[in-house]
Amino acid sequence: MGVFEVKGGRELKGEITPQGAKNEALQVLNAVLLTPEKVTISNIPNIRDVNKLIDLLKSLGVKVEQLNDDTYSFQADEVDIEYLTTPEFKEKGGGLRGSIMIVGPLLARFGKGYIPKPGGDKIGRRRLDTHFEGLQKLGANFEYDSNTNFYKTEAAKLKGTYMLLDEASVTGTANIVMAASMAKGKTTIYNAACEPYLQQLCNMLVNMGAKISGIGSNLLTIEGVKELHGTEHCCLPDMIEIGSFIGMAAMTNSEITIKDVHYDQLGMIPQVFNRLGITIVRRDDDLIIPKQNHYEIDQFIDGSILTVSDAPWPGFTPDLLSIVLVVATQAKGSVLVHQKMFESRLFFVDKLIDMGAQIILCDPHRATVIGLDKQVPLRGISMTSPDIRAGVALLIAALSAEGTSHIHNIEQIDRGYQYIDKRLQALGARIKRID
């Protein structure tokens, strides 16, 4: 297991470019299964979860060619459906949350899709009901074997219908949209997820010949087509990385320029960090975070303590609440962080408390942070990363802390952030990877 050794308390400076969006890549890579023609995707992040999905596609028989550092071509003209029943597939598919999204494309094109219960971060229960209920409404038969933890769907022919999703699941919506794109007739999805990455998937499918309207809203209409063709697609920059870098600059009292952020796709992210008192300057499509010796948390209009909570898009993404919580520890003022969507994502605050942060964990979903106004710096400790996002939050805390920190289980961080140690070293961070 790898370890990051971080010597904190050092100001950073320079430019950093966000990687391609992990959550988009996991969607659009599965979409290559919808056509036998070549699909080229660029700005793919070189991270563990994405590489595992590419490897899974290869094992399914997809021809994969790496054209340059971040661009691949895929051709799924000889998919091996029988591979879905092998022990190797069970192991590979079960180790990756994003593998659940192969079911929709395989069902649409081949009439069957199998998947072992997917893995991923241990951040609480993440049910798959929305995926399978949506596919059932399109006419698929669904079975789950609790002994083997294996899901199986089959359909002789999918047929369009109206559905109201019980939750605005991003991956659930993606799975259903991909299946419906080749179903017979019209499918209407209400309470659909509308995140930018889901919009990107829909736009990619349209470029492949799908007929989708309502993109960007929570009401999608899909007119099924008989076949889809190849296309070229470019992933957006990762908004979670962008938010993480904003928080890192504030915590380390650094001036950092974040390049090519696609500002119009960031939603509430700049607004939320502004309310934490962080100055953000937009210059064309770059964000400049100036050096700040002090930042003060806003209050609600009646003077009450600010609450930052997550919500489906266009609400604030849950993936950045851990960053908000860490950044608030060195702000002036207090904030209530309310993690509504997952019940275990705040269980890293004990490490921050050990570092000297003033945090009250109210319950599994809420934590109150009393900011130290940079008067009492955090102190370096040894800690373990519990998941991708908490791991990066702890890394940011370590970069700002006095002394040396050791972060264990960094394989979690590698799943979501490419070459993060080398990229931070280029900004002047004293971080070293120890195997």
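Residues numbered from 1 in each chain as written. Predicted model: local features only at pLDDT ≥ 70, side-chain atom pairs only at ≥ 80, totals over all residues. Heavy atoms only, no water.

Once that is clear, we can look at helix α2 (residues 48-59). Between its first and last C-alpha, α2 extends 16 Å over 12 residues, near the 16 Å set by a 1.5 Å rise per residue. In the segment just after α2, Gly61 is the residue with positive phi, at about 105°. (Helix = DSSP H or I, 4+ residues; strand = E, 2+ residues; numbered from the N terminus. Expected span 1.5 Å × (residues − 1).)

Structurally, the position occupied by Asp387 is in the loop between β21 (382-384) and α12 (388-400). The spatial distance from the C-alpha of Asp387 to the C-alpha of Ser322 is 11 Å, given a sequence separation of 65 residues. From its side chain, Asp387 meets the backbone nitrogen of Arg389 in a polar contact 3.0 Å long. (Polar contact = N/O pair within 3.5 Å; in protein donor to acceptor, adjacent residues only side chain to side chain.)

A separate point is the sheet that holds strand β5 (residues 71-75). Strand order in the open sheet formed by four strands is β4-β5-β3-β13, with mixed pairing between adjacent strands. One side of each edge strand has no neighbouring strand; the edge strands of this open sheet are β4 (63-68) and β13 (231-234). Recorded for the sheet is a direction-independent mean angle of 20° between the axes of neighbouring strands. Where helix α7 (residues 196-207) meets the sheet, its contacts fall on β3 (38-42) and β13, and the angle it forms with β13 comes to roughly 160°. (Pairing = 2+ DSSP bridges. Axes fitted to C-alpha atoms, helices over the stretch in contact; angles between N-to-C directions. Contact = heavy atoms within 4.5 Å.)

For the rest of this paragraph, the subject is the confidence of the model for the chain. Across the chain, the average pLDDT comes to 93, with 97% of residues at 70 or higher. Across residues 120-126, where pLDDT falls below 50, the model places 20 contacts with residues more than four positions away in sequence or in other chains. (pLDDT = per-residue confidence, 0-100.)

Next up on the list: the side chain of Thr257. By secondary structure assignment, the location of Thr257 is in strand β14 (residues 255-258). Excluding residues that lie within four positions of it along the chain, Thr257 makes contacts with Gly14, Glu15, Ile16, Arg283, Asp286, Leu287 and Ile288.

Here we take up the packing of aromatic side chains. Using the criterion set out here, one finds five aromatic pairs in the structure. Ring-pair connections join several aromatic residues into one group, and the members of that group are Phe132, Phe142 and Tyr151. (Phe/Tyr/Trp six-rings, centres within 6.5 Å; stacked < 30°, edge-to-face > 60°.)

Before going further, it helps to examine a nonpolar patch on the surface. A cluster of nonpolar residues, Tyr162, Leu164, Tyr190 and Leu219, forms a patch on the protein surface that exposes about 400 Å² of accessible area. Mapped onto the elements, Leu164 comes out in strand β9 (residues 162-164). (Patch = residues over 30% accessible without salt bridge, like charges linked within 9 Å, V, L, I, M, F, W, Y side chains within 5 Å. Areas by Shrake-Rupley, 256 points an atom, 1.4 Å probe, with all protein chains shown as cover. Salt bridge = Lys/Arg side-chain N within 4 Å of Asp/Glu carboxyl O.)

If you trace the backbone, Gln330 turns up in the loop between α10 (321-328) and β18 (334-338). The residues touching Gln330, leaving out its near neighbours within four places in the chain, are Met251, Tyr295, Leu372, Asp373, Lys374, Gln375, Val376, Pro377 and Leu378.

Once that is clear, we can look at the environment of Lys157. Tracing the backbone through its elements, the reader meets Lys157 in the loop between β8 (150-154) and β9. C-alpha of Lys157 to C-alpha of Thr252: the two residues are 95 residues apart in sequence and 56 Å apart in space. Sequence-distant contacts of Lys157, defined by excluding residues within four places in its chain, comprise Leu138 and Lys184.

Throughout the structure, instances matching the rule amount to 18 salt bridges. Close ionic contact of Glu241 with Arg423 constitutes a salt bridge, the shortest N to O distance being 2.7 Å. With Glu241 in helix α8 (residues 239-251) and Arg423 in helix α14 (residues 420-425), this residue pair connects regions lying 182 residues apart in the sequence. You'll find Glu241 and Arg423 in the same group, each marked buried. Measuring nitrogen to oxygen at the nearest pair gives 2.9 Å for the salt bridge that ties Asp414 to Arg433. Pair noted here: Asp414 is in helix α13 (residues 411-414) and Arg433 is in strand β23 (residues 430-434), with a separation of 19 residues, a long-range link. The class of Asp414 is buried, set by a relative accessible area of 14%. Here Arg433 falls in the partly exposed class, since its relative accessible area comes to 31%. Each member of the salt-bridge network shares a partner with another, and the members are Lys22, Asp49 and Arg415. (Buried < 20%, exposed > 50% of the residue type's maximum accessible area, 1.4 Å probe, protein only.)

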